[in-house]
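# Notes for the structure review
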Amino acid sequence: MVTTPSAITNRKQRSNPFLKLLGKIPWTWVITFTYLAFLLILPIAALLTKAATEPLESFWKTATSPLALSSYEITFVTAFAAAAVNGIFGTLIAWVLVRYEFFGKRFLEAVVDLPFALPTAVAGLTLATVYSEKGWIGSMVAPFGIKIAFTRIGVWIAMMFISLPFIVRTVQPVLTELEKEIEEAAWSLGASKLQTFIQVILPPLTPAILTGVALGFSRAVGEYGSTVIIASNTPFRDLITPILIFQRLEQYDYVGATVLGTVMLGISFVSLLAINLLQAWSKRYG
Amino acid sequence: MANLNSSIIDRPSDLPEPTKIAKKKSWVPTILIAISFIYLGLVLLIPAANVFVTAFSKGFSPILAAVQRPDFQNAIKLTVSLAVIALPLNTIFGLSAAWAIARNKFPGKALLLSIIDLPFSISPVVAGLMIVLLYGRLGWFGSWLESNDIKIVFAFPGMLLATIFVSMPFIAREVIPVLDEMGTDQEEAARTLGANDWQIFWRVVVPNIRWGLLYGLVLTNARAMGEFGAVSVVSGNIASKTQSLPLFVEETYKQYETEVAYSASVLLALLAVVTLILKEILERRTSKAQK
């Protein structure tokens, strides 16, 4: 029992010598850092060192080959389009869930999380069926000459599917916290509903919406399971970068896969940083 | 009540009942609710319904036939084994990390949180690639593993590593806010009364965090059983050997065995339904506990 209080003071006094602390590292820290080191940091290090063995010139050449560039464009533009559309509809759904009472609300509330719970392979399979030319939805747009499954539009739909809950679940809590009194004050001062929404509700909501869009985008960019099934995976048409990495690996082109993987990892770091900054920004409103 | 409609200037007399003003333009909520249902219908509900409708379109017999297949049974076994091993390991890590982060103040706390979140933003394919580069034949440990006759990539251990990687952050993420909310009063009280760390953990902490922890477990399990990309890269997708249920779905679909693919999908979709129901229940419990 004597050691416990001293452990507490040790933690509080940052000035303690390093060696003294080392002997008293709590086991929670040991587990946390060992686990992270072996299962997360070590794999990342393996990727980065493999990439570093590649001369810069050939790295650049592989990373910017026409096929790679086209896959980035397809991946990022499509993922952005999906996240942006969800930015609008996700906010709308969050609004409906927070502000209105209606029949089926609890069902809707639960269903929003479906993309978190449904394995992506199943999502890809059923989206490819429903949006194919003979499917329930695909057959409705087929007469207009629109093909969805096995095209880039299909990839876009799959990306919308998997990124939707990120936006709804990020906006919803902020919307719940929003004080209704401010809106009512705006109305009673003569603002229209639209004015109230744009000038009073939207500004504090914007960081949350952007955070949600960034989270959704980041998830959509890396998506493989649903997209590989719904796309035709034709180069320059609907081949996204994660699938290109997979194909490189299947051809035992480890260097090519590593280079593309490093580019994707870099994007992950950047989006993680952006998400953190956005979250810090939205906290100032909270 | 007729003057309610007229204009905002009449408002002062109506102020005691502000809700009535909102109720007035009742078509706006209706339209917004309708849009929500249509959008969710197109993107989530119709595709989800399709899984069940297509799978049961010819009754139960295709599913019963599919369940007899040894490769299907092996896929189920493999998926369950992955979850059964990944879950306890990620729980121990998640609880330790949550405790370390929520109960200490230290520089770089935000950074550590971001690092724990990394598996969410790394593409599953890249995660799989990393494991191949580490344990594959040409990887860091490749020659050592080969000389000791240990197979990780294209075998179960690699799939397990991939599963652990992608489902790592859930528990820590769910438990940290609960620990923050809970505060340290009860723990300190227990300590002054002479409880040791272990007793404090089981008798004070666990009862407080149980719903958050369960919630994290449900999410971890869903991800562990459903993971496709990362597992696909490291598995080699060998039928009856390294084919988990999601891989089995894709493989049978590619082989034009659509009926079998849908039979397997129904199992995974049921898992999703159970996950969502548990999630709803646990969410309600957590919000109650926090009140």
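Residues numbered from 1 in each chain as written. Chains lettered and ligands numbered in written order. Predicted model: local features only at pLDDT ≥ 70, side-chain atom pairs only at ≥ 80, totals over all residues. Heavy atoms only, no water.

Here we come to the domain arrangement of chain A. Residue and element names in this part refer to chain A. The domain architecture assigned to chain A consists of domain 1 (26–55) and domain 2 (64–285). Between domain 1 and domain 2, the C-alpha centre-to-centre distance is 29 Å. Counting from both sides, the interface comprises 6 residues of domain 1 and, opposite them, 6 residues of domain 2. Between domain 1 and domain 2, roughly 580 Å² of surface is buried when both sides are summed, and carbon and sulfur atoms account for 87% of that area. Summed over the three residues of domain 1 that lose the most area to domain 2, namely L47, K50 and E54, the buried surface amounts to 62% of that side. Joining domain 1 to domain 2, the criterion identifies 0 salt bridges. Between domain 1 and domain 2 we count 0 residue pairs in polar contact (both at pLDDT 80 or more) in total. Across the side of domain 1 that touches domain 2, the residue classes break down as 4 nonpolar, no polar and 2 charged. (Domains from an automatic or database assignment. Contact = heavy atoms within 4.5 Å. Buried area = accessible area lost by both parts, 1.4 Å probe. Salt bridge = Lys/Arg side-chain N within 4 Å of Asp/Glu carboxyl O. Polar contact = N/O pair within 3.5 Å; in protein donor to acceptor, adjacent residues only side chain to side chain. Nonpolar A, V, L, I, M, F, W, Y, C, P; charged D, E, K, R; others polar.)

Averaged over all residues, the pLDDT of chain A equals 89, while 91% of them reach at least 70. Contacts of residues 1–14 of chain A to residues separated by more than four positions or lying in other chains number 13 contacts, the stretch itself having pLDDT below 50. (pLDDT = per-residue confidence, 0-100.)

Moving on, we come to the pattern of salt bridges. With the rule as written, the count across this model stands at 19 salt bridges over all chains. Two residues, A:E109 and A:R169, come together in a salt bridge whose shortest N-O distance is 3.1 Å. A residue pair is termed long-range when its members are at least 10 positions apart, and A:E109 in helix α6 (residues 105–111) and A:R169 in helix α10 (residues 152–177) qualify at 60 residues. Residue A:E109 shares its accessibility class with A:R169, and that shared class is buried. The salt bridge partner of A:E133 is A:K147, with a shortest N-O separation of 3.8 Å. One end of the pair, A:E133, is in the loop between α8 (120–130) and α9 (138–141); the other, A:K147, is in the loop between α9 and α10, with 14 residues separating them in the sequence. For A:K147, a relative accessible area of 45% puts it in the partly exposed group. Taken together, the salt bridges that share partners define one network made up of A:E109, A:D113, A:R169, B:K279 and B:E283. (Helix = DSSP H or I, 4+ residues; strand = E, 2+ residues; numbered from the N terminus. Buried < 20%, exposed > 50% of the residue type's maximum accessible area, 1.4 Å probe, protein only.)

The subject of this paragraph is helix α11 (residues 170–182) of chain B. A turn of α-helix holds 3.6 residues, and therefore any two residues three or four places apart point the same way. Residue and element names in this part refer to chain B. For α11, which comprises 13 residues, the first-to-last C-alpha distance of 19 Å matches the rise-based estimate of 18 Å (1.5 Å per residue) to within 8%. If you check which residues of α11 are buried, you get F170, I171, A172, V175, I176, V178, L179 and M182. Phi turns positive one or two residues past the end of α11, at G183, with a value near 75°. (Expected span 1.5 Å × (residues − 1).)

Turning next to the interface of chain A and chain B. The interface of chain A with chain B comprises 92 residues on the first partner and 86 residues on the second. For the pairing of chain A and chain B, the buried interface totals around 7900 Å² over both sides, and the portion due to carbon and sulfur atoms is 78%. Applying the counting rule to chain A against chain B returns 1 salt bridge. As a salt-bridge pair, B:K279 and A:D113 come within 2.6 Å of each other at their nearest N and O atoms. Counting the contacts that link chain A with chain B gives 12 residue pairs in polar contact (both at pLDDT 80 or more). Ranked by residue count, the leading element in the side of chain A that touches chain B is helix α3 (residues 27–52) of chain A, at 20 residues. Of the residues assigned to the side of chain A that touches chain B, the class counts are 66 nonpolar, 18 polar and 8 charged.

Next up on the list: the side chain of B:K279. Along the chain, the position of B:K279 falls in helix α16 (residues 258–290). Looking at B:K279, the relative accessible area reads 5%, which means it is buried. Those residues in contact with B:K279 that lie beyond four places of it in its chain are A:D113, B:Y215 and B:L219.

All right, on to the packing of helix α5 (residues 66–99) of chain A against α10(A) then. Between two packed helices, both the angle of their axes relative to each other and the distance between the axes serve to describe the pair. All names here are of chain A. One way to put it is that α5 packs onto α10 with a least axis distance of 6 Å and a crossing angle of 40°. Accordingly, the angle class assigned to the pair α5 and α10 is oblique. Judged by the sense of rotation from one axis to the other, the crossing of α5 with α10 is right-handed. Broken down by class, the residue content of the contact of α5 with α10 amounts to 21 nonpolar, 9 polar and 3 charged. (Axes fitted to C-alpha atoms, helices over the stretch in contact; angles between N-to-C directions. Parallel < 35°, antiparallel > 145°, perpendicular 65-115°, else oblique. Left-handed = near helix turned anticlockwise from the far one by under 90°.)

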